[in-house]
Amino acid sequence: MLLVEPLLENYPQLPAAVEAGAKRVALADNLAVGGTTISKGVMGEAVRYAHEHQVTLDVVIAPRGGHSPYDDVEIKMMEADLLEAQQLGVDGAIFGALTLQHQLDQEALSPLIAAAGGMTLTFSTAFDQIRPQDRGVAIDWLAGQGFDHVLSTGLANEDRLEDWTMTKRLTDSVGLTLVPAGVTANEVKQIADQLGTNLFYGKKVLSL
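Okay, so let's go over this structure. (Residues numbered from 1 in each chain as written. Predicted model: local features only at pLDDT ≥ 70, side-chain atom pairs only at ≥ 80, totals over all residues. Heavy atoms only, no water.)

Taking burial as the measure, the five residues of strand β2 (residues 24-28) include five buried ones, the bulk of the element. Of the two faces of β2, the one carrying R24, A26 and A28 and the one carrying V25 and L27 are both buried. Where strand β1 (residues 3-9) meets β2, three bridges bridge the pair, whose relative direction is parallel. Paired with L8 across the strands is L27, a residue of β2. One crossover worth recording links β1 to the parallel β2 by way of helix α1 (residues 14-19), and it is right-handed. Here four bridges tie β2 to strand β3 (residues 56-60), and the two strands are oriented parallel to one another. Across the sheet, residue V25 finds its bridge partner in β3, namely L57. (Buried < 20%, exposed > 50% of the residue type's maximum accessible area, 1.4 Å probe, protein only. Helix = DSSP H or I, 4+ residues; strand = E, 2+ residues; numbered from the N terminus. Pairing = 2+ DSSP bridges. Right-handed = clockwise from strand over helix to strand, strands pointing away.)

A few words now on the nonpolar core. Ranked by internal contacts, the top residues of the largest apolar core, which has 60 residues, are L82, F95, L104, F123 and Y201. When residues of this core are assigned to their parent elements, the largest contribution, six residues, is made by helix α2 (residues 40-52). Counting residues in each nonpolar core, the second largest holds 10 residues, with V183, V188, A192 and F200 among its members. (Core = buried A, V, L, I, M, F, W, Y, C linked by side-chain atoms within 4.5 Å.)

Here A97 lies in the loop between β4 (92-95) and α4 (106-115). For the pair A97 and H67, spaced 30 residues apart in sequence, the C-alpha separation works out to 8.3 Å. The contacts of A97, once residues within four sequence positions are left out, are S68, Y70, Q103, L104, D105, A108, L109 and F123. (Contact = heavy atoms within 4.5 Å.)

Scanning the entire structure with this criterion turns up 11 salt bridges. The residue R131 makes a salt bridge to D134 at a minimum N-O spacing of 2.8 Å. According to the relative accessible area criterion, R131 is partly exposed, its value standing at 44%. Beyond isolated ion pairs, a larger network of salt bridges with shared partners links E5, R24 and D58. (Salt bridge = Lys/Arg side-chain N within 4 Å of Asp/Glu carboxyl O.)

Given below as structure tokens:
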């Protein structure tokens, strides 16, 4: 079965996505600026609704739009949001943090990983900002820290399929799952066949 996990903007879109057949959903606020963390109230109600319908719920954890690096205050905000998500029963968290040199910000990521204990961990599309020659080391570290998935839209202005193929070799070697992001419904079947993957991340609900 091919699944597209839709990224929804806040709670109002959740019931429609579930009715359309979504088995996994991700929630974020302010998608126009890249997605920020939903409120505690929205999170709690979304968990209740998703679990009543046997749907897995992921939440994006980001204190603002735009790229990292995040400062110490922003990391504390993210840590608090992750602890809330864990307590409310959210299934998975999607986040990322890089340095100015586009390397994994391990110092920032470590407390976030600890705060998310018990949840599925997905590294955000910030991964695409890591230079290809540095991705192997990054993926090894993410695997060692308990991440499950890596989101990627593929390198801009490059052959996305080739980039995904190279990244998938790396993720497969350490037991992580590459989740292609930003794929249209028309592209899913072809890319799934070529990559040998069945989970995608986007805006359209699709289950085949």
